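Summary of the model geometry
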Amino acid sequence: MISIDDVSVRFGGVHALTDIGLTIGEGGICGLIGPNGAGKTTLFDVVSGLRRPTTGSVCIGGVDVTGTGALHRSRLGVRRTFQRPQVFGRLTVLDNVLAALEWHGGRGGLAADLVGWRPRRRLADERRARAEEALRRCGIEEFAGVYAADLPIGRRRMVELARAIVDDPAVLLLDEPTSGLDDDQRALFAEVVRPLDTTILLVEHDVPFVMSLSRRVVVLNLGKVIADGRPDEVRADPAVRAAYLG
Ligand SMILES: Nc1ncnc2c1ncn2[C@@H]1O[C@H](COP(=O)(O)OP(=O)(O)O)[C@@H](O)[C@H]1O
Ligand SMILES: [Mg+2]
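Residues numbered from 1 in each chain as written. Chains lettered and ligands numbered in written order. Predicted model: local features only at pLDDT ≥ 70, side-chain atom pairs only at ≥ 80, totals over all residues. Heavy atoms only, no water.

1. Some words on the site of ligand 1
Test applied: Near residues are defined by distance, with any heavy atom within 4 Å of the molecule or strand qualifying the residue. In the analysis that follows, any N or O atom pair within 3.5 Å is treated as a polar contact, provided that within protein one partner can donate a hydrogen and the other can accept it, and provided that, for residues neighboring in sequence, both atoms belong to side chains. Accessibility throughout is a Shrake-Rupley quantity obtained with a 1.4 Å probe, and a residue counts as covered only by protein chains that appear here. Strands are runs of DSSP state E lasting at least two residues, helices are runs of H or I lasting at least four, and both sets are numbered from the N terminus onward. In this classification, Asp, Glu, Lys and Arg are treated as charged, Ala, Val, Leu, Ile, Met, Phe, Trp, Tyr, Cys and Pro as nonpolar, and every other residue, Gly included, as polar.
As a matter of local geometry, ligand 1 sits amid Phe11, Val14, Ala16, Pro35, Asn36, Gly37, Ala38, Gly39, Lys40, Thr41, Thr42 and Arg51. Contact between ligand 1 and glycine 37: an oxygen atom at 2.7 Å from a main-chain N or O atom of the residue. Interatomic distance of 2.9 Å between a side-chain N/O atom of threonine 41 and an oxygen atom of ligand 1. For ligand 1, the accessible surface in isolation is 560 Å², of which the surrounding protein chains cover 61%. Mapped by element, the contributors of at least two residues to the shell around ligand 1 are strand S2 (14-24) and helix H1 (40-48). The biggest single contributor to the shell around ligand 1 is H1, with three residues. Broken down by class, the residue content of the shell around ligand 1 amounts to five nonpolar, five polar and two charged.

2. Things to note about empty space enclosed by the protein
To keep it simple, the criterion reads: Buriedness for pockets is judged along seven lines, at least five of which must meet protein on both sides within 12 Å for an open set on the 1 Å grid over protein atoms alone, while cavities are sets there where a 1.4 Å probe fits but cannot get out, and lining residues have an atom within 4 Å of a point. Grid points are joined across faces, edges and corners, and a volume is the space filled by probe spheres set on the points. For the domains described, the bounds stem from an automatic or database domain assignment.
Considering all chains together, one arrives at one cavity of 30 Å³ or more under this definition. Empty space within the largest cavity amounts to approximately 40 Å³. Every residue along the wall of the largest cavity is listed here: Thr81, Arg157, Met158, Glu160, Leu161, Leu174, Pro177 and Phe189. Ranked by residues supplied to the lining of the largest cavity, first place goes to helix H6 (residues 153-165) with four residues. Inspection of the lining of the largest cavity shows a minimum of three residues originating in each of domain 1 (1-77 + 169-246) and domain 2 (89-166).

Such coordinate-based values are descriptive only and should not be taken to indicate function.
Structural data, given as structure tokens:
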């Protein structure tokens, strides 16, 4: 599904990523762990199209997307959440999630808007139902009418998650999605994410938590992959213990 080939990213003299080669198959959760500064977010930027790698290539669903931007990737079904949640603060929670469905277009153009054309209204009703269902799954339906800016960070993360899952993503990139969540919210997060039938890359600081959710774990350190395998293999890996788990 995602094929990262020989990717390097340099920021001046900083080697954020060096010769990363990773193939992430369809379905299931792949955990991505590593100390601060390891290059996890940079790798997400490269996959989601926010950053061109200095060298190397990225394929999604067999298509080379290296030269394309975030809009193109999102149309291929790539969705992500951010380490610092990026919600539309001046939109309500419901509108934040509806915004993820609007790109499909309206049906019938401006004229349909003006006359309240029935198929248009039906489409709007369907989208609203889907958005409300996503809010419900993420435990934030009671905040549907609240401005996203007025929510605490944990709830904003759930708004981002609802927005990311509402349109059946092909690839979901989650960058430290549970930081700032309380225990109940984390349990809910796991409940939302575990059954999703999509390719998920999960960056997460809580190692036992990510190990419990992932079927594969990749460890980055100083821009390089130092381990890659099943959670039990990675946990036992001496290089990982030395660099990270201590
Ligand atoms: N926009 C940037 N400009 C310069 N250096 C950056 C930039 N983004 C990240 N870096 C550097 O790249 C390295 C990897 O950062 P990052 O991908 O954010 O790591 P992680 O998400 O694993 O904490 C770090 O050394 C960081 O300081
Ligand atoms: Mg990061």
